[in-house]
Amino acid sequence: MKQQKKLESLAAEMLIKMLPETIIRKLLDDEEFSSFSQLGFISYKGIGSFHHRDIVMALERGRILGERVSIVAKDGKHFFLVRSPEGIRIVNAENEDDGRLIHDLAFLDPEKDIRLEALNFVINQCWPSLPSVSYWLQILAERPLNKTEFFRLISDVRETPGHFKSTMKNSWRNGGEIDITALFPSSFIYYEALIGFPSEGMSAEAWIDSILIPKLEQYIDQSLSDGLKCALALNIDLKLSSVKLVSDIRASELLAALGSLVKTRSPLTLLGIIEIALSHLDSDAKFLKLASEALERLLGKKSEESGIIYAWEMMPSLIKTGLSRVSVDEKLWHYPPYWRRLAAFAHANVLIDTLEMDSRQAVDDFTDWLDSLITPKEVSATLLDMRKESMWKGWNMTSFNFKAIVVERLMLMKNTLEESRLEFPNSHLVDSAIEDLGGKESLLLSSRSSPLQDRRSIESMQNDENINSDSVAEFFSGIIDELNYEPTGVEWKKLVVACRVQCFDSNLFDNLIKGVGNLTLENEEKERFFNTLESAAEIATVQRCKALADAVTHALVKAAGKFSTALDAKIGYYIILMSSGAIIDDSDWTEWIGKKMSEYAFSVPKGEACQQLLANLDDLSSLMKLKERCLGRARKLAVSGIN
């Protein structure tokens, strides 16, 4: 019987090592499983594993005897456990110079003050906060943690952004192996700490007002500097300006907090510092100096020594890759796109202040590596997001567009101050940046779309935009004439830009649908054929035109029999999925995508094209809720084409 229990315990330990951390947390909450698995060992790299019971008993003996006590690791090695004001130290019995201070063991100490001091130490390390801190405070004030509680608290600590940042910084500086999973956490708790809890069915504006802003206000109340770190990292839209968040803070406190943050390598944080400083010019002249310093670091000569010159290149790749990762994660993909986008920006901000690059070549190698990691499933997730929020695309986050977002905000600040006859510090830096980006018109166009815009914005745009209707009509008329002459010409790209600026009228749609309907693969180069249909699919999604989406998929199905490679089949699948964003109602979309994918699967050539399509359909199924899965027939047709 003892042997059987031992084997069961070993099996459970092996299972735990193989499972993701979120599953481990669920199992630890299950008393039946915890009892079976006997998860009593606490392990430390480079030292060994100790039984929870042995540590508790050793700490109790140490309290009574007032001296160090011996303890034996799982592998038989002997150590001393030493209680000290700094924490609990584990010392090698054979070499007393070989010791390590381990703060978390103090959670098991019999003395209340030692336990609470350990918690206070941990709280200070867990930026922006430790989840359920009041819960842990209540328990530790009464008694030491039991083994399950100990593992849960350690897990909570490890999922905070502060712990992630310190661990990543140590690994980076020490040349440790860092892979994609280490760079981009899959922990919901991690992202919730940065941007708050997501709420399905709530618009971006409502979520910001009811959840995000109150959370940031709470962080700022707890610690002005730490709260601003969170708030300024989200400074991607005027809706998230931090000016109002600190309107009641005393000037001296605000100056000190902003002064401690100005050494950042984050363009978004520096933008927020400038914005807050300029809004407080009348309270203290030092704010003008602070704004000048921040702008010099952002756009001036100090940008290279500060690392900002590299941040402009790194941030877009970090945002795109991070967004791709969270958009396919089983715990995160079903949350609103705007929440995942904000999570990606916030995490990229953490990384940019953690990873240290010292050369252009290192930055290029790093961003090339990140950009190469995107998977077909991540592309599918991006296209699915366009159905709900199509005004902004993650893959459009280039270094040019990222800089345009920041410089446009600076331009607006500069204009506002100059209209009030106030000084804008280092204004020549803003002027130079505007020119480098192609001038004011190019800047406004490239920075126009925000990650926080939802699909309703296109419907209200016609009333909000101050565009001369005669000019618009003339522009679209010229586009129609050009497309009649060259059906796959560059005019399609102009329309892709215009579709986010102005609602299209029925006459334009009629001409676009007719043009797509006349496309044939025989008469066009394959690349131009696909590019045209991709543009039409994007227009259909942004403008919500089902008829144009139908025309796109019909053209693909007609041409599919002539596809010659797996890549052709994959591109066609992507275009159909993008087109599906034009279908608004969920049940209509489910029926539409199932039907169109079946027609497409029936038409693609047998062999590698069907094999590729099957892989794509499997990815898509895994990103759909069970009740929405409707690709069974399409999968069967693809499978039949493989054999």
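From a predicted model like this one, the values you see are computed outputs, not experimental measurements. (Residues numbered from 1 in each chain as written. Predicted model: local features only at pLDDT ≥ 70, side-chain atom pairs only at ≥ 80, totals over all residues. Heavy atoms only, no water.)

Asks: Which residues make up the overall build of the chain, and what values go with them?
Replies: Looking only at helices and strands, the chain features 33 helices and 6 strands. Each principal axis of the C-alpha atoms in the chain carries an extent, and together these give about 95 × 75 × 45 Å. Residue burial in the chain is summarised as follows: out of 643 residues, 52% are buried. When contacts within the chain are restricted to residue pairs at least 6 apart in sequence, long-range pairs at least 24 apart make up 70% of them. Of the roughly 30,300 Å² that the chain leaves accessible, carbon and sulfur atoms contribute 50%. The average position of the 75 basic charges and that of the 94 acidic charges among the side chains of the chain differ by 5 Å. (Helix = DSSP H or I, 4+ residues; strand = E, 2+ residues; numbered from the N terminus. Buried < 20%, exposed > 50% of the residue type's maximum accessible area, 1.4 Å probe, protein only. Contact = heavy atoms within 4.5 Å. Areas by Shrake-Rupley, 256 points an atom, 1.4 Å probe, with all protein chains shown as cover. Lys, Arg positive; Asp, Glu negative; His and termini not counted. Charge placed at Lys NZ, Arg CZ, Asp CG, Glu CD.)

Asks: Can you break down the environment of Ser303 residue by residue, with the values?
Replies: Tracing the backbone shows Ser303 in helix H16 (residues 302-306). Taking C-alpha positions, Ser303 is 9.9 Å from Pro267, a pair spaced 36 residues apart along the chain. When sequence neighbours within four positions are dropped, the list of residues in contact with Ser303 reads Glu296, Arg297, Leu298, Ile308 and Ile309.

Asks: Outline the pattern of salt bridges, supporting the account with residue identities and numerical values.
Replies: Enumeration according to the criterion identifies 22 salt bridges in this entry. A salt bridge links Glu149 to Arg143, with the shortest nitrogen-to-oxygen separation between them at 2.8 Å. Among the charged side chains, a salt-bridge network with shared partners connects Lys393, Arg500 and Glu538. (Salt bridge = Lys/Arg side-chain N within 4 Å of Asp/Glu carboxyl O.)

Asks: Any details on unusual backbone geometry? Residues and values, ideally.
Replies: The linkage connecting Trp127 with the following residue, Pro128, adopts the cis geometry, with an omega of -5°. Here Pro128 lies in the loop between helix H5 (112-125) and helix H6 (133-142). With a phi angle near 55°, Asn426 is a residue other than glycine that sits in the positive phi range. Take Asn426: it is sitting in the loop between helix H21 (399-419) and helix H22 (427-436). Among the residues examined, Asn426 registers a relative accessible area of 21% and is labelled partly exposed. If you check the backbone angles, Arg544 has positive phi at about 60° while not being a glycine. By the element assignment, Arg544 lies in the loop between helix H28 (526-543) and helix H29 (546-560). For Arg544, a relative accessible area of 23% corresponds to the partly exposed category.

Asks: Any chance you could break down the nonpolar core for me, citing the residues and the numbers?
Replies: In this structure, Ile195, Leu228, Leu298 and Leu410 are the most contacted members of the largest nonpolar core, which totals 98 residues. Here this core takes 11 residues from helix H18 (residues 337-352), the largest share from any one element. Sequence-distant contacts of Ile195, defined by excluding residues within four places in its chain, comprise Trp207, Leu212, Lys215, Leu234, Trp339, Leu342, Ala343 and Ala346. Membership of the second largest hydrophobic core comes to 72 residues, among which are Val379, Ala569, Leu613 and Ala638. (Core = buried A, V, L, I, M, F, W, Y, C linked by side-chain atoms within 4.5 Å.)

Asks: I'd love a proper account of the pairing of strand E2 (residues 48-51), names of residues and values included.
Replies: Taking every second residue as pointing to the same face, both faces of E2 are buried, with Gly48 and Phe50 on one and Ser49 and His51 on the other. Here strand E1 (residues 41-44) runs beside E2; their pairing, made up of 4 bridges, is antiparallel. The residue bridging Phe41 from the neighbouring strand is His51, located in E2. (Pairing = 2+ DSSP bridges.)

Asks: Describe the packing of aromatic side chains, listing the residues and the values that go with them.
Replies: Tallied over the full model, the rule gives 21 aromatic pairs. Pairing Phe150 with Phe151 gives two aromatic rings, centres 6.0 Å apart and planes at 70°, and the pair type is edge-to-face. Ring centres of Trp172 and Phe366 lie 6.1 Å apart, and the angle between their planes is 85°; on these two criteria the pair is classed as edge-to-face. One end of the pair, Trp172, is in helix H8 (residues 161-173); the other, Phe366, is in helix H19 (residues 360-371), and 194 residues separate them in sequence. (Phe/Tyr/Trp six-rings, centres within 6.5 Å; stacked < 30°, edge-to-face > 60°.)

Asks: Before we move on, can you summarise the side chain of Ser241 with the specific residues and values?
Replies: One can find Ser241 in the loop between helix H12 (224-233) and helix H13 (251-261). A polar contact of 3.4 Å, which involves the side chain of Ser241, links it to the backbone nitrogen of Val243. Not counting the four nearest positions on each side in its chain, Ser241 is found in contact with Asn235, Glu275 and Arg409. (Polar contact = N/O pair within 3.5 Å; in protein donor to acceptor, adjacent residues only side chain to side chain.)

Asks: Give me H28: which residues, what numbers.
Replies: Given a rise of 1.5 Å per residue, 18 residues ought to cover 26 Å, and the 26 Å separating the end C-alpha atoms of H28 matches this to within 8%. For H28, a buried count of 13 out of 18 residues is recorded, marking the element as mostly surrounded by other parts of the structure. (Expected span 1.5 Å × (residues − 1).)

Asks: Pulling in residues and values, what's your account of the state of the cysteines?
Replies: Summed over all chains, the structure comprises 0 disulfides. Cysteine Cys630 remains unbridged, with the sulfur of Cys610 as its closest cysteine sulfur at 18 Å. (Disulfide = S-S within 2.5 Å.)

Asks: Provide a residue-level description of the environment of Trp339, including the pertinent values.
Replies: Inspection of the secondary structure puts Trp339 in helix H18. Accessibility expressed as a relative area gives 1% for Trp339, which makes it buried. Sequence spacing of Trp339 and Ala204 is 135 residues, and the spatial spacing of their C-alpha atoms is 8.0 Å. Apart from residues lying up to four places away in sequence, Trp339 is in contact with Phe188, Tyr191, Glu192, Ile195, Gly196, Phe197, Pro198, Trp207 and Leu332.

Asks: I'd love a proper account of the confidence of the model for the chain, names of residues and values included.
Replies: Overall, the prediction assigns the chain a mean pLDDT of 85, with 90% of residues at 70 or greater. Segment residues 7-38 is flagged for pLDDT under 50; beyond a separation of four residues in sequence, or across chains, it makes 34 contacts in the model. Here residues 463-467 scores under 50 on pLDDT; set against residues more than four positions off or in separate chains, the count is 5 contacts. (pLDDT = per-residue confidence, 0-100.)

Asks: Mind laying out helix H17 (residues 308-328), listing which residues take part and the relevant values?
Replies: When the terminal C-alpha atoms of H17 are compared, their 30 Å separation across 21 residues agrees well with the 30 Å that a helix rising 1.5 Å per residue should span. The axis of H17 is deflected most strongly, by about 35°, at Met314, and proline Pro316 appears within four residues downstream. (Bend = angle between axes of the 7 residues up to and from the residue.)

Asks: Describe the packing of helix H27 (residues 506-517) against H28, with residues and values.
Replies: One can describe the packing of H27 onto H28 by two numbers: an axis separation of 11 Å at closest approach and a directional angle of 145°. The way H27 lies across H28 gives a crossing that is left-handed. Facing H27, whose interface residues are Phe509, Leu512 and Val516, H28 presents Leu533, Ala536, Ile539 and Gln543. Of the residues contributing to the contact of H27 with H28, the split by class is 6 nonpolar, 1 polar and no charged. (Axes fitted to C-alpha atoms, helices over the stretch in contact; angles between N-to-C directions. Left-handed = near helix turned anticlockwise from the far one by under 90°. Nonpolar A, V, L, I, M, F, W, Y, C, P; charged D, E, K, R; others polar.)

Asks: With reference to specific residues and values, describe the packing of helix H11 (residues 204-222) against H12.
Replies: The description of two packed helices rests on the angle between their axes and on the distance between the axes. At their nearest, the axes of H11 and H12 sit 5 Å apart, and the two run at 150° to each other. The angle between H11 and H12 places the two elements in the roughly antiparallel class. H11 and H12 meet at a crossing whose hand is right-handed. For the pair formed by H11 and H12, the contact residues are Leu216, Tyr219, Ile220 and Gln222 on the first element and Leu224, Gly227, Leu228, Cys230 and Ala231 on the second. Taken together, the residues of the contact of H11 with H12 sort by class into 7 nonpolar, 2 polar and no charged. (Parallel < 35°, antiparallel > 145°, perpendicular 65-115°, else oblique.)

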